[in-house]
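# Examining the three-dimensional arrangement
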Amino acid sequence: MNPEQLPEEQKHDLPEEKLNGQLAFFPEMEPERPETEPAGPRAIPAPSTEQMSHWHICILLSDILLRFDGLLPEDWLYEIAVPTGHVSYFMYMDALGALQEQNAVTCCTEDGVPCLRLTDEGRRSVKQSRLYVPKYFRDRVHLTALRYVARQRALRDLHSSYERDGNGWSVTLTCTDRGAEMMTLRIHAPSEDQAEQFIERIQRNPARFFGKLLDLALTNEEEQYDLTDN
């Protein structure tokens, strides 16, 4: 008798028929991700200045000088490039020596300070070749240079001090222009920490701070009173 013709309740009593070559299927399980491994895509490491060649460093140093009208104190250029980690000491000295040999940069003295000056030949050369340095590196180094030079100029034009008085601390700020005193401001601070904070915040941009004080003094008007309800 054909098994298909048996009643439904008798089909369960039949022995299970095995087919030759029949394989069991077990789905592959995805390996568990270690807890320390981040879930998202792996971040690509940022480029390093070590990838730049000697020629790139020469262009970069010339480009920094060009941004500041071709003239910077010698120690300023060093502080911008080397201690910040943009360029190693040996790469810096090698590049600077090559620029001087090629008459692209010369040494000079301004107000008794040793400086580096970009020559006319150096200006023409760096304007033609500056784009060979990737923008990523140019942006990083130029941002460091702008911040450093602004800070040094602020420290040169702003004299600050603080001392203890009867009820706290007294902060004195003097703004100068080419050695001439332009404005002196005295601020009371309740603690030494706040006195240091006053100085640190103003030194970030003293020209903006004192400029706003002058603008306020020039535009200050008498308070207007409303007498409509009198």
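Up top is the structure these notes are about.
Since the model is a prediction, treat every value here as computed from it, not as a measurement.

This part takes up the packing of aromatic side chains. Following the criterion strictly, the structure yields seven aromatic pairs and no others. Aromatic side chains tryptophan 76 and tyrosine 148 sit 6.2 Å apart centroid to centroid with 85 degrees between the ring planes, which places their arrangement in the edge-to-face category. Highlighted residues: tryptophan 76 in helix H3 (residues 74–81) and tyrosine 148 in helix H6 (residues 135–157), separated in sequence by 72 residues. The class of tryptophan 76 is buried, set by a relative accessible area of 12%. Ring plane angle 75 degrees and centroid distance 6.4 Å describe the contact between tyrosine 78 and tyrosine 89, whose orientation is recorded as edge-to-face. Within this pair, whereas tyrosine 78 is found in helix H3, its partner tyrosine 89 is found in helix H4 (residues 89–101), the two being separated by eleven residues in sequence. Residue class for tyrosine 78 comes out partly exposed when judged on its relative accessible area of 27%. Three or more aromatic residues link up through ring pairs in this structure, and these residues are Tyr78, Tyr89, Phe90 and Tyr92.

Now for the side chain of threonine 144. Assignment of secondary structure puts threonine 144 in helix H6. Only 3.1 Å separates the side chain of threonine 144 from the backbone oxygen of arginine 140, close enough to count as a polar contact. For threonine 144, the contacting residues outside a window of four places in its chain are Ile80, Thr84 and His86.

Reading the values: rules and limits
Residues numbered from 1 in each chain as written. Predicted model: local features only at pLDDT ≥ 70, side-chain atom pairs only at ≥ 80, totals over all residues. Heavy atoms only, no water. Phe/Tyr/Trp six-rings, centres within 6.5 Å; stacked < 30°, edge-to-face > 60°. Helix = DSSP H or I, 4+ residues; strand = E, 2+ residues; numbered from the N terminus. Buried < 20%, exposed > 50% of the residue type's maximum accessible area, 1.4 Å probe, protein only. Polar contact = N/O pair within 3.5 Å; in protein donor to acceptor, adjacent residues only side chain to side chain. Contact = heavy atoms within 4.5 Å.

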